[in-house]
Amino acid sequence: MKTALLLVSLTFCGLLSMAQQPFVANMDESKVGSITLPNPLQKPDGTIVKNKKAWEKQRLYWLDQFQKVMYGKMPSKKLPQSSQLVSRTEIMGGKAIQYVWALTFTGKHSVTVLGVLPNKPGKVPVFLGLNFCGNQTTSTEPSIPIFEKYVICNEAGQFKNNLGQAESRGAWASRWQFEKVIAAGYGSITVACGDFEEDLPTGYRNGIRSTLADQLGLKAEEWSCIGAWAWGLSRTADFLETIPQIDAKKIIVHGHSRLGKAALWAGANDQRFAAIISNESGEGGAALSRRNYGENLWRITNSFPHWFLNSYKDYAYKENDLPFDQHILMSLLAPRPLYVASAMGDQWSDPRGEFLGAQNTEAVYQLYGKTGLGTVAFPGLNTPVGQQVRYHIREGKHDMTDYDWGEYLRFVGEIVKPVKNHPQH
Ligand code: GCU
């Protein structure tokens, strides 16, 4: 009896001290050690996929694995959705039109979509990405409604109790670079991620995982917040298909950090996205989970349990048991153009792990006759490398900057070209 008690209390103290120990991220490359990655082309029966056709089947197998283990199911039911134009404003001295639309799903959940399109006739390709802290933070235009739900931003003077104030207008405009995007002949579309699901462990309660649970036929715990955001990106794409001025075959999905994780997951599930951009998406995004560098699986599933299925945390410190790694998530994007970007000052996201994640998609891109990153070494600062898959590491901190946008525009300009001087139709 005494021994049992002693054991119980020792175990209890052990657990307590583990929980109390602050997490110290490994930032020493020499301590990462060597890792063995699962082969995207290896089928469950051990044989190797040799062509595109076989890969298409294998692709579904992997998608199912990611749904079962990490991000949860994706609703297969299509819901009726309707839209309403809230405002149309000429901006940038007449160079662009800014639209605000309300998008409603089965009358049960509404989100606000912001669009900035070139003010000229003809269809344009668009960038589509979620924003962190409300549409009003992407531009100083006063006609954008202030987002009224919880956001993670809380800078004094701009936000109060995690709610955007008038002073938050344009707070994150540098991450959107609307003028630059318009000048290059593209449009830009965004929705606050919290309009689909607030970024909190309790966010599912008033997010689409609850409001639309019956219609979608999925319980909240069967999927995840990242799943809900990715679903939101696809539903926004459905809506964009109804806008005559948008070339819906050229929707480039992008996202920064946690929203980059959502962009990758959206691109994997929805092959309509013509190109995918992951800006510093890190752990649970482009970075390989098997590399213990920067944020790791234990830390992310403890800090942000709602981003993934509950059971994903069981792989903490057992990453080698995962059936996949993040290079396989990105392989699901092939043969579409993929850009993975890191920042030197953002070691938390494991830049080298993001690079290796992108590089290990090569075998799948090659099945389509495309060169992905090619056999390149980890590049120097501000030196993009690769072809159909591109990578850069820029100087500076965790952010999405003017430099990043310059490179993304150059990349899609080569592959997802905007139409110049398009005829009226
Ligand atoms: C945290 C989190 C990252 C995430 C980042 C962000 O740092 O640990 O996983 O990518 O926030 O979204 O900015």
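## Some points on the nonpolar core
Here's step 1: Trp229, Trp231 and Trp265 are the most contacted members of the largest nonpolar core, which has 90 residues in total.
Here's step 2: With ten residues, helix H7 (residues 225-240) is the single largest residue contributor to this core.
Here's step 3: With residues up to four places along the chain from it excluded, the contact list for tryptophan 229 reads Leu130, Cys193, Phe196, Glu197, Asp199, Arg258, Leu259, Ala262 and Trp307.
Here's step 4: Trp405, Leu409, Phe411 and Val412 belong to the second largest nonpolar core, which has 15 residues in total.

## Concerning the pattern of salt bridges
Here's step 1: Across all of its chains, the model carries 22 salt bridges by this definition.
Here's step 2: Salt-bridge contacts for aspartate 238 lead to lysine 78; the nearest nitrogen and oxygen are separated by 3.5 Å. Of this pair, aspartate 238 sits in helix H7 while lysine 78 sits in the loop between helix H2 (52-69) and strand E1 (81-91), and the two are 160 residues apart along the sequence.
Here's step 3: Between aspartate 404 and arginine 394 there is a salt bridge, and its shortest N-O distance comes to 2.8 Å. One end of the pair, aspartate 404, is in helix H13 (residues 402-415); the other, arginine 394, is in strand E12 (residues 389-394), and ten residues separate them in sequence.
Here's step 4: When salt bridges with common partners are traced through the structure, they connect Lys78, Arg235, Asp238, Glu241, Asp270 and Arg272 into a single cluster.

## A short note on the sheet that holds strand E9 (residues 275-279)
Here's step 1: The ten strands are arranged E1-E2-E3-E7-E4-E8-E9-E10-E12-E11 in an open sheet whose pairing can be described as mixed. Each end of this open sheet is capped by a strand with a single partner; those strands are E1 and strand E11 (385-386).
Here's step 2: By the bridge criterion, six bridges tie strand E10 (residues 338-343) to E12 in an arrangement that is parallel. Residue leucine 338 lies in a different strand from E12, and its bridge partner there is valine 389.
Here's step 3: Lying on the sheet, H7 is in contact with E1, strand E2 (96-105), strand E3 (109-118), strand E4 (124-131), strand E7 (187-192) and strand E8 (246-256); it crosses E4 at an angle near 150°.
Here's step 4: Here helix H8 (residues 258-269) sits on the sheet and contacts E4, E8, E9 and E10; the angle it forms with E8, its principal contact strand, is near 140°.

## What about the site of the ligand?
Here's step 1: Close contacts around the ligand come from Phe132, Ser257, Arg258, Lys261, Glu295, Ile300, Phe304, Trp307, Trp348 and His398, and that covers them all.
Here's step 2: Interatomic distance of 2.6 Å between a side-chain N/O atom of glutamate 295 and an oxygen atom of the ligand.
Here's step 3: A distance of 3.1 Å separates an oxygen atom of the ligand from a polar atom in the side chain of histidine 398.
Here's step 4: The protein chains hide 84% of the 320 Å² of surface that the ligand would expose on its own.
Here's step 5: For the shell around the ligand, the class distribution of residues is five nonpolar, two polar and three charged.

## Here's the deal with the packing of aromatic side chains
Here's step 1: Evaluation of the coordinates by the stated rule reveals 24 aromatic pairs.
Here's step 2: Centroid distance tyrosine 71 to phenylalanine 308: 6.1 Å. Interplanar angle 40°. Geometry classified as tilted. Here tyrosine 71, found in the loop between H2 and E1, pairs with phenylalanine 308, found in the loop between helix H9 (297-303) and helix H10 (326-331); they are 237 residues apart in sequence, far enough to count as distant. Like phenylalanine 308, tyrosine 71 is buried.
Here's step 3: An aromatic cluster is present here, built from Phe66, Tyr71, Trp265, Phe304, Trp307, Phe308, Tyr312 and Phe324 joined pairwise through their rings.

## Digging into the pairing of E7
Here's step 1: When you tally the buried positions in E7, you get six out of six residues, the bulk of the element.
Here's step 2: Here E7 shows no split at all, with Gly187, Ile189 and Val191 on one side and Ser188, Thr190 and Ala192 on the other all buried.
Here's step 3: Bridge count for E3 against E7 is three bridges, and the pairing is antiparallel. Within the sheet, the bridge partner assigned to valine 116 lies in E7 and is serine 188.
Here's step 4: Across six bridges, the pairing between E4 and E7 is parallel. Note on E7: the bridge partner recorded for asparagine 131 is alanine 192.

## Examining H2
An α-helical turn contains 3.6 residues, so any two residues separated by three or four positions project in the same direction.
Here's step 1: With 18 residues, H2 extends 25 Å from end C-alpha to end C-alpha; this agrees with the ideal 26 Å at 1.5 Å per step.
Here's step 2: All buried positions along H2 are accounted for by Trp55, Gln58, Arg59, Trp62, Leu63, Gln65, Phe66, Gln67 and Val69.
Here's step 3: Those residues of H2 that are buried lie in contact with H8, H10 and helix H12 (362-367).

## As for H8
Here's step 1: Helix length check: H8, at twelve residues, gives a terminal C-alpha distance of 17 Å against a target of 16 Å (1.5 Å per residue), a fit within 8%.
Here's step 2: The buried fraction of H8 amounts to eleven of the twelve residues, a majority that puts the element mostly inside the structure.
Here's step 3: Taken together, the buried positions of H8 are occupied by Arg258, Leu259, Gly260, Lys261, Ala262, Ala263, Leu264, Trp265, Ala266, Gly267 and Ala268.

## So, the packing of H2 against H8
Here's step 1: Across the interface, H2 lies against H8 with an axial gap of 11 Å and an inter-helix angle of 140°. Between H2 and H8, the angle is such that the two are oblique. Our pair here, H2 against H8, has a crossing hand that is left-handed. Of the residues in H8, those touching H2 at Arg59, Leu63, Phe66 and Gln67 are Trp265, Gly267, Ala268 and Asn269.
Here's step 2: Tallied by class, the residues present in the contact of H2 with H8 amount to four nonpolar, three polar and one charged.

## A closer look at the pairing of E3
Where a strand is regular, its side chains alternate between the two sheet faces.
Here's step 1: Of all the ten residues making up E3, eight are buried; the element is thus mostly covered by neighbouring parts of the structure.
Here's step 2: Where E2 and E3 come together, ten bridges link them in antiparallel fashion. By the bridge assignment, valine 100 is partnered in E3 with leucine 114.
Here's step 3: The antiparallel hairpin formed by E2 and E3 contains three residues in its connecting segment, where threonine 106 sits at a positive phi of about 40°.

## Some points on the confidence of the model for the protein
Here's step 1: Chain-level statistics for the protein give a pLDDT mean of 94 and a share of 93% at 70 or above.
Here's step 2: Throughout residues 1-18 the model reports pLDDT below 50, and contacts reaching past four residues in sequence, or to other chains, amount to zero contacts.
Here's step 3: This stretch, residues 421-425, has a pLDDT under 50; its non-local contacts, to residues over four places away or in other chains, come to nine contacts.

The rules behind the values
Residues numbered from 1 in each chain as written. Predicted model: local features only at pLDDT ≥ 70, side-chain atom pairs only at ≥ 80, totals over all residues. Heavy atoms only, no water. Core = buried A, V, L, I, M, F, W, Y, C linked by side-chain atoms within 4.5 Å. Buried < 20%, exposed > 50% of the residue type's maximum accessible area, 1.4 Å probe, protein only. Helix = DSSP H or I, 4+ residues; strand = E, 2+ residues; numbered from the N terminus. Contact = heavy atoms within 4.5 Å. Salt bridge = Lys/Arg side-chain N within 4 Å of Asp/Glu carboxyl O. Pairing = 2+ DSSP bridges. Axes fitted to C-alpha atoms, helices over the stretch in contact; angles between N-to-C directions. Near = heavy atom within 4 Å. Polar contact = N/O pair within 3.5 Å; in protein donor to acceptor, adjacent residues only side chain to side chain. Areas by Shrake-Rupley, 256 points an atom, 1.4 Å probe, with all protein chains shown as cover. Nonpolar A, V, L, I, M, F, W, Y, C, P; charged D, E, K, R; others polar. Phe/Tyr/Trp six-rings, centres within 6.5 Å; stacked < 30°, edge-to-face > 60°. Expected span 1.5 Å × (residues − 1). Parallel < 35°, antiparallel > 145°, perpendicular 65-115°, else oblique. Left-handed = near helix turned anticlockwise from the far one by under 90°. pLDDT = per-residue confidence, 0-100.

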